Structure formats: structure tokens, C-alpha cells
Amino acid sequence: MPDRLRDPFPDWTDAQRQAVVELIATSASAMVKNELRLERRRFYMTSVLLVVTGLLALAAYTTTQSKIVDATRQQECVVQRLIIRVTPLQPRGVDKDGKPLHYTNAQAKQVRDFRDLMLGALPPGLHCPPDPGAA
Amino acid sequence: MLVQAWRLLNVAGAGWCFAWCLQVGWHRWRTGDLMQGHWLAVGLGLMYLGAVVGGTYSLSVSQQFQPGMPFVTASIVVVGWARWTTRRSERKEEP
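Here we summarise the structure given alongside this text. (Residues numbered from 1 in each chain as written. Chains lettered and ligands numbered in written order. Predicted model: local features only at pLDDT ≥ 70, side-chain atom pairs only at ≥ 80, totals over all residues.)

### Here's the deal with the interface of chain B and chain A
Now for step 1: The partner chain A presents 16 residues to the 16 residues of chain B that form the contact.
Now for step 2: Within the residue set of the side of chain B that touches chain A, elements represented by two or more residues are helix H2 (36-61) and helix H3 (69-93) of chain B.
Now for step 3: Here the side of chain B that touches chain A takes seven residues from H3 of chain B, the largest share from any one element.
Now for step 4: Considering only residue class, the side of chain B that touches chain A consists of 12 nonpolar, four polar and no charged. (Contact = placed C-beta atoms within 7 Å. Helix = DSSP H or I, 4+ residues; strand = E, 2+ residues; numbered from the N terminus. Nonpolar A, V, L, I, M, F, W, Y, C, P; charged D, E, K, R; others polar.)

This is the structure:
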């Protein structure tokens, strides 16, 4: 008979053997249960962390995105204000006789067309606050 | 006014989440079992610190609704729920 098959405890009774087998089975079961419980908890906590990280990332993304949109709109309003200021529909100043300047019809059309062309390059539906320096 | 109160609650909640993450990280660090998951908690704590700082600054400059606010609130609720269930299961395991 090979050594590995030889009974190492030949003087043990069947009852003793049964007790040892039950002890090992109980310990193994408890170990597995404990390990499963820890694994479940790890999985749960990692899931929570991932969800929370995702939510925070979404919060940062949406907030940044809205800030970018606001900043872009502000810049577009600055450009709109600039276009309106540099294309006055009534010329400013007076002539050599002290009378207010006037466009000819052709000049007025040119100015209006140029203003419309420039404003047309801005995105449609742009709502800007009134220009305080326009008056 | 309502938005301002909501933002204030968000900042307070983020502060609480930061404190909890810091406490978990510190406790694990001291007991010497800072595992991968707990490093995540520390990272999350730092993110909440950012939320507290950013939220406090934002409160001082703007009164408006920010689109990120519902997500921050949702994350605080998830962390609170996780804290509650963890504590409950710890109590169950105590002899």
C-alpha cells in the first residue's frame, strides 16, 4: 500500500473521525460564509462609490457646461453691442453750420445692410440686456 | 430663496460626506488596512472637499440655480443611505 493511502491515525475510533469531519465542515462553512459576506460588502461599497463618483462627475460636467454657455452668450452680447454701436442708424455730430448730420438714403441703406449682415453672423434668438452706453 | 436654501443644504451635506469619507480613510489608515476601496473613499472625500469649497464660493457670487445641484443632492442621498445601511449591518453583527 502506498504511503499516502495509509491511515495516519489508525487508533482513532469512527466517532472521533466523524467529529473531526464535522468540525472541519463547520469551520469551512463559517469561513466561506464570512468571506462571502465580506465580498458582498466590498461589492456594495464599491458600487456606491462608483455611483456617487458618477453623480459628482455629472454635477461637475453640467455646471461647467452651463458656465461655458453663459460665458459664450456674454461674449456674443458684447459683439452684438459693438456692432450696434459702430453702425449708428443716425450719424452723430454736426456739420460746419452746426446742424445735425443726416445720412443720404443710399448711406442709410448701406449702414443698415452692413449692420444686418454683421448681426446675421450672430446666433439666432440671442437675448441680450439693453446696452447702458447706447444712449 | 428656495434655491439658496437648497444650495446651502448641498454645501452642508457635502461637508458631512467629506467628514465621513475622511473618518473612514483615517480609521483604516490607523488600523493598517487601507484597501483599494478605501482609497476610493479618500478620493471621494477630496471630491466632496472640492464641492464644499466650490459651493461656498458659488454661494457668495451667484443666487441662481445651477444644473449640477440635483446631482450633488442625489450623491449626498446615496452616501447617507450607504452610511445608514452600513451602520445598521454593523449593529446587527455586534454580539
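Now, onward.
### Quick notes on the packing of helix H1 (residues 2-31) of chain B against H3 of chain B
Residue and element names in this part refer to chain B.
Now for step 1: Closest axis-to-axis distance for the H1/H3 pair is 10 Å, and the angle between their directions is 40 degrees. On the basis of their axis angle, the class for H1 and H3 is oblique. Here the hand of the crossing between H1 and H3 comes out left-handed. Touching Trp-6, Arg-7, Asn-10, Gly-13, Ala-14, Cys-17 and Trp-20 of H1 are Met-69, Val-72, Thr-73, Ile-76, Val-79 and Arg-83, all from H3.
Now for step 2: The residue makeup of the contact of H1 with H3, split by class, is eight nonpolar, three polar and two charged. (Axes fitted to C-alpha atoms, helices over the stretch in contact; angles between N-to-C directions. Parallel < 35°, antiparallel > 145°, perpendicular 65-115°, else oblique. Left-handed = near helix turned anticlockwise from the far one by under 90°.)

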